[in-house]
Structures are given as structure tokens and as C-alpha cells.
Amino acid sequence: KPKDEKKDTFAEKLATQIIKNIQVKITSVHIRYEDDLLDPECPLSMGVTLAELSLQTTDENWKTCILNEAAKVIY
């Protein structure tokens, strides 16, 4: 006789729902590298700027949405 499947608690269901629908938005990041050790006569510096990085839950049509608990596939 197979074991009964464990039922998720309310807290586990809530945590899963939050993780499924998380949205992260990072804006205005600048990373700079400076080096004056390799050649002190000619120091080097360079930088990269990221205007925005956004992670959002979407539906099958790539529209931002809030998933319900029954959703099986996450895009």
C-alpha cells in the first residue's frame, strides 16, 4: 500500500505562490574597474552600465501576470 502523499501546509503553499509570482527589478547599476598596478605610467579604467534588469512571471503569451496555485508551467 503506497504512503499517503504529504499535504502542503498553508505556509508552504503561500511561499510557493510568492516564489511563482516574484518580480525583481534592478536599475542603474555601474561597474567600474581600475588598474594602476600593471603599468603605473598608464593606468587603466573601464566601466559598464546596466540601465535595467527585470525578472517577471509571465503567461504562455509572455504577458506579465500573477499565477494561481494550479498553474503547472511557469514561463
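Parameters and conventions
Residues numbered from 1 in each chain as written. Predicted model: local features only at pLDDT ≥ 70, side-chain atom pairs only at ≥ 80, totals over all residues. Heavy atoms only, no water. Helix = DSSP H or I, 4+ residues; strand = E, 2+ residues; numbered from the N terminus. Areas by Shrake-Rupley, 256 points an atom, 1.4 Å probe, with all protein chains shown as cover. Contact = heavy atoms within 4.5 Å. Salt bridge = Lys/Arg side-chain N within 4 Å of Asp/Glu carboxyl O. Buried < 20%, exposed > 50% of the residue type's maximum accessible area, 1.4 Å probe, protein only. Patch = residues over 30% accessible without salt bridge, like charges linked within 9 Å, V, L, I, M, F, W, Y side chains within 5 Å.

A. Just the overall build of the protein, in detail. Regarding its fold elements, the protein presents one helix and two strands. Walking the protein from its N terminus toward its C terminus, one meets helices and strands in the order α-β-β. As displayed, the protein has an accessible area near 7,100 Å², and 59% of this comes from carbon and sulfur atoms.

B. Highlighting the side chain of T57. Mapped onto the secondary structure, T57 falls in the segment after β2 (44–55). Not counting chain neighbours up to four residues away, the residues in contact with T57 comprise K20, N21, I22, K63, T64, C65 and L67.

C. The arrangement of the pattern of salt bridges in detail. Using the criterion set out here, one finds one salt bridge in the structure. Two residues, R32 and E34, come together in a salt bridge whose shortest N-O distance is 2.5 Å. A residue is classified by how much of its surface remains accessible, and E34, at 55% relative accessible area, is exposed.

D. Structural detail: unusual backbone geometry. Positive phi is not limited to glycine here, since S28 has a value of about 55°. Considering the arrangement of structural elements, one finds S28 in strand β1 (residues 24–35). The backbone of W62 shows a phi angle near 65°, a positive value even though the residue is not glycine. The topology assignment puts W62 in the segment after β2.

E. The arrangement of a nonpolar patch on the surface in detail. On the surface, I22, V24, I26, L50, L53 and L55 cluster together into a nonpolar patch covering about 480 Å² of accessible area. Of all the secondary-structure elements, those providing two or more residues to the nonpolar patch are β1 and β2. Along the chain, I22 falls in the loop between α1 (10–20) and β1. For I22, a relative accessible area of 48% corresponds to the partly exposed category.

Read these as geometric descriptors, not functional statements.
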